[in-house]
Structure formats: structure tokens, C-alpha cells
Amino acid sequence: MPSSLSRRHLLGGGAALGAATMLPYDIALAQAAPGGTLRVGMTAAAIPLSNGVPDQGAEGHRFMGITVYDQLAMWDLSSFDNPPVIRPGLATAWTVDPADPKRWIITLREGVKFHDGKVLTAEDVAFSFDRAFRSDSPHFDNRAAAQARIRMPTIASWRAEGEKTFIVETRTPDSLVPFGLTWIGITHRGAWEAAGRNWDTFLNRAVGTGPYRLESFSIRERAVLVRNPDYWDAARIPKHERVILLPLPEANTRVAALRSNQVDFIEAPPPDAVPSLRQAGFQIVTNTYPHTWTWHFSMVDGSPWRDIRVRRAANLAVDRSGMKTMLGGLMVEGAGLLPPGHPWHGRPSDPVRTDVAAARRLMAEAGFTARNPLRTRVAISPSGSGQMQPLPMNEAVQQNLKEIGIEIDFEVVEWNALLGLWREGARALAPRGITAINVSYSVHDPFAALVRFLKTEMAPPASNNWGFFSDAGYEAIMDRLYTTFDPAAQDALLAELHAKAVDDRLFLFVAHDLNPRAMSRRVQGFVQAQSWFQDLTPIRMGS
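Predicted, not measured: the structure shown is a model, and the values here were computed from it. (Residues numbered from 1 in each chain as written. Predicted model: local features only at pLDDT ≥ 70, side-chain atom pairs only at ≥ 80, totals over all residues. Heavy atoms only, no water.)

Asker: A description of the packing of helix 18 (residues 472-482) against helix 19 (residues 487-503) should follow, citing residues and the corresponding values.
Answerer: It is at 9 Å that the axes of helix 18 and helix 19 come closest, and there the two elements cross at 160 degrees. As the angle between them shows, helix 18 and helix 19 are arranged roughly antiparallel. As for the relative orientation of helix 18 and helix 19, their crossing is left-handed in sense. From helix 18, G473, Y474, I477, M478, R480 and L481 reach across to helix 19, where they touch Q490, L493, L494, E496, L497, K500 and A501. (Axes fitted to C-alpha atoms, helices over the stretch in contact; angles between N-to-C directions. Helix = DSSP H or I, 4+ residues; strand = E, 2+ residues; numbered from the N terminus. Parallel < 35°, antiparallel > 145°, perpendicular 65-115°, else oblique. Left-handed = near helix turned anticlockwise from the far one by under 90°. Contact = heavy atoms within 4.5 Å.)

Asker: Explain the pattern of salt bridges residue by residue, including any values.
Answerer: Here the structure, examined in full by the defined rule, presents 29 salt bridges. Where E161 meets R103, a salt bridge forms, and the shortest distance between an N and an O atom there is 3.1 Å. In this pair, E161 sits in the loop between strand 6 (155-160) and strand 7 (165-170) while R103 sits in strand 5 (residues 100-108), placing the two residues 58 residues apart along the sequence. Exposure remark for E161: the relative accessible area of 35% places this residue in the partly exposed category. Relative accessible area serves as the criterion here: at 14%, R103 is assigned to the buried category. For D200, the salt bridge is made with R143, and the minimal N-O distance between the two is 2.7 Å. A residue pair is termed long-range when its members are at least 10 positions apart, and D200 in helix 8 (residues 199-202) and R143 in helix 5 (residues 142-148) qualify at 57 residues. For the pair shown, D200 and R143 are each scored as buried. (Salt bridge = Lys/Arg side-chain N within 4 Å of Asp/Glu carboxyl O. Buried < 20%, exposed > 50% of the residue type's maximum accessible area, 1.4 Å probe, protein only.)

Asker: Give a detailed account of the sheet that holds strand 5, specifying residues and quantitative values.
Answerer: In space, the four strands of this open sheet follow the order 4-5-7-6, with antiparallel pairing throughout. Two strands lie at the open edges of the sheet, namely strand 4 (91-97) and strand 6, each paired on one side alone. Strand after strand, the sheet turns through a mean of 20 degrees between neighbouring axes, direction not considered. The sheet contact formed by strand 6 and strand 7 spans five bridges and is antiparallel. For S157, the partnering residue across the bridge sits in strand 7 and is E169. Helix-sheet contacts for helix 4 (residues 122-133) involve strand 5, strand 6 and strand 7, and the interaxial angle to strand 6 is about 150 degrees. (Pairing = 2+ DSSP bridges.)

Asker: Requested: an account of the sheet that holds strand 8 (residues 212-218), with residues and values cited.
Answerer: With respect to topology, seven strands assemble into an open sheet ordered 8-9-10-1-11-19-12, the strand pairing being mixed. Each end of this open sheet is capped by a strand with a single partner; those strands are strand 8 and strand 12 (283-285). Between one strand axis and the next, the sheet turns by 20 degrees as a mean value, whatever way the strands run. Looking at chain direction, strand 1 (residues 37-42) and strand 10 (residues 242-247) are connected through six bridges and run parallel. Its bridge partner lying in strand 10, M42 is registered against P247. The sheet strands contacting helix 9 (residues 251-259) are strand 1, strand 11 (265-267) and strand 19 (517-519), and the helix crosses strand 11 at an angle near 170 degrees.

Asker: Could you give an account of the layout of surface pockets, naming the residues involved and the relevant values?
Answerer: Here the largest pocket is characterised by a volume of approximately 750 Å³. Taken together, 34 residues form the lining of the largest pocket, with P83, P84, H342, W344 and H444 sitting closest to its centre. The set of elements that each furnish at least two residues to the lining of the largest pocket consists of helix 6 (177-181), helix 19 and strand 18 (507-513). It is helix 19 that contributes the most residues to the lining of the largest pocket, four residues altogether. (1 Å grid on protein atoms, 1.4 Å probe; cavity = no way out; pocket = protein on both sides within 12 Å on 5 of 7 lines; lining within 4 Å. Points joined across faces, edges and corners; volume = space filled by probe spheres on them.)

Dropping the structure here:
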């Protein structure tokens, strides 16, 4: 039967932040690990679900989605210097049916085996898609569906045709299907049945085809992944024996764990700790990557952000240069959803800038001043995947906006809970006075970067148009994008779409991350890709 337990139930009824109470026990176990073990301090407050379509945002996919599992299409994360491109994964080819642009024909790789020895077939792919997209399936997993459906919202049907061909059909032509395929991890029916036909039990017995096997899983404490010596891609068989994942949502706790040799590798060290970590001999690794740190504005009736003067004023008020200094240089000043120089950035007629005097004039035109401020509420998190340093960053923005007559009150919730609010949408949160939400995310593909936020039909629950934005001019560009399969023509449409969103200030554009990580000198061979996702398999653990 499909799982009915919520994540809160799995956490024993406590908030996810309660995971911190278990850390001394976990870190003590990790400290005793053998030399071939990589110990990772994540920003997440709990271990991402091991069901093949994990929660905890892109960090969950990074540490549980592309380690234990493979997808039909995958990202090439092998280069520091070049942006990743999609490469064949469990599929060797995907093509649009020349007779029907809504039908994709996907050819599976020969000879791939699951961790339990079963050979991959198209029926396994169909089972995995049923799990995430077919509500009436006996093996439907609503937690997988919550993550998958927002990635492939046009999917209409799918089926196996023989052992090595998988068919996906969409409601309308959708040139972006290959990007959606990168999110869906593949398992098989026999593994689910071996777990008692229960997805909760499966979390401790997960079976995929990935370069790591799941050895143990404790959602509040840690997960242990072990090297898969039989992995189908010999070049990506891990160079170490195991990975221990530890949830360490508080930045200073991650630093303390690294300094005391309790972990080897931490995500998002706080900027003020970076100089001393370098001085102490730790490696600090950064790279540009497609990331944006924004506020999403509500466009529902009654929201103050419907007024373009208010949106423009807020963007003019943000001191991005000062924030960059505060973060020790570990950011690029926000210039849109995509950073300058990106092929989809385009040429906005009104580039993002700071001008406090102009911001005050716009607020006065809108009827607000420091003595008569606009008051509203914004949902934020204290940590999370790609959130950088959300508390000090949001406090800096709060102070910037106060200076022009916008007073912000924060509703602070744990990262996974914030993602839940993001999926609910602005209409559901309007009674609580929330008119904006701070969520950072990867902008590595056209759907993730733009379409899911701007297309009318992507409003919740379909996808992530949180603010219920709708505009015919934007729709026309995206309709052309969906039916355009030439990459260069797609790039031109995406540049046009992004420039329009920047000129209309549809979001509060604040920062682009540089993805800092800190690690012990024992960690060797890591290549930080220009991506939210990273490949851990090349890492060797020195003495």
C-alpha cells in the first residue's frame, strides 16, 4: 500500500530542527570511522529521503538522489571550468517522435544492474514513474510525488515498450522533457515488495543502480552510503569506501565539527570563518554556478507587490555591494534570476542596481514613506540547501527596505517546511499576512530557471509559480519555447524571457552564490562543478 506517513511522523513528531539534539552521538560514531570514509556535514536539518526522489531541495538530490540512484538523463559534473551538460544515464538516447511532438522515445542502457542484482528493464522505469506520478497506483508514494510532479508538470502518460524502450507522452509539446528526466531516480517493484510493499520501510532498504549502496538510514541522525564496486560506469566507481551524511543545519556547528576532525567536508561555511579555516590549513573551494537567492513576490489580490513601483523600489533599496562585503566576497551581486554573462541573461533595458533616493521617490508615489510605511510579512528559513547565510542576509535586506518605508516581519521556519509553504502558494498564505518568500534554487535548466515561476499553469499545486503570476506576453514567449527544439533558438527565447522578468522586477534580486565548501586536507580529488549538484565519487581520502 502507498505510504501515508508524513515526514513529521518519521521525525517522531518533533520539528526537524530537533535533529540537532542527536548530533553528539552521530559525530562520535563518525569520528570512529575508518580512513576510507568521507564524513559530510550537510546544511539540511534531517537526512534526505532515500526513496529515489528525495526531499530537502537540491541538496537532497545532491546527497541522496544521485548517489544511491541514477536517472534516465544525468548531468556531467566532471569539469570545474565548463557548465555541466546533460549526458546519457540509464538511457542512452531520447528523441521526439517525428510523427508526434508530444511523444518521447527513450532507449535504455544495456546491462545495468540494481544493487540487489536485478537487471534494469523498461518495466522498472515504468514502476518508478508510477510511484511518483500515478495517484491510483498501489505503489504510489506521495512524498516522491511532491518532488517529482513540479519537475515534469506536462507529463500525461508513460509505458514500457519491450525491455529497453520507455515512452513518455506529454499533454502538449514539451521540449524541456530531458531536463525533467534528471530528477527521477529509478528503482524496481521487487525492492518495494521486499520492503513489505511499504515506502517507509523502503527508506531503510533502498535499492537503486547508483555508485553507492545504502547501508543505513536514520532520518534524524545520519545515513551511511557504501561504495558500489559493480557500478555500470567504471569511471565513477567511488575512490573511497563509504560516505557518512550528517545533518548540521547550524553553520557554526558545521565549522566546529570540521575543526575537531568530526567531519571532513562541510557545505556553506559562514563567511567570517573562512579566513581562519584557510589559515588552519583547511581547503576552501568555490566556483560559479547557476544559483539565485531571491524573494518571490505574491501577485494575488491585496498583495503590495502587485504595484511595480513597490517592486522596483525594493530592488533599488538592496545594498548588494554591502552584502557581498558582509559575506567575505562569497557572492555575486544579484542581477536577475540568472547572473550576468549567462547565455539566458539577455539584455534587460533596466539592469538591476542600487539607488536609495530613487527607491524613496517610487515609494512616495505609491503612497508610502518612513512615517507611513508599508508593512508586510516574509517567510524565510534559518538554513537549508543553497540558502547561503539566510538569517544575516535577510536581516540586511530588512534594514535596507526599512530605510525606504517597507517594514518586514519574518516568519522563520525550517527549510523543508519552507519548501512546503512554497508548494502551497501565496493564496494559501495570504491569511497569515505572508506576501513574499525567500527560497534559493538552482537555475541550471530552462524549466527550473524560468518556466516554473512564470507560466500561469505552473501555479500551485502544479509547480512553483508561488505568487500566481500570469501575463499573456510571458505566455506567448513560453509557448514558443515549448515547441522549439533547436538549442540556439531556445537560448534566444530564454534570454528574451529573462530580460523581460528583470525589467518588470518580478522578484527581489539579491545574490548569486559561489557555492563555498570547506574540507580537510585529507579530501583529495574533488572537482567542484559549476552546478548545484556535485559528484563525490572522485574523492580519495588521504592520511
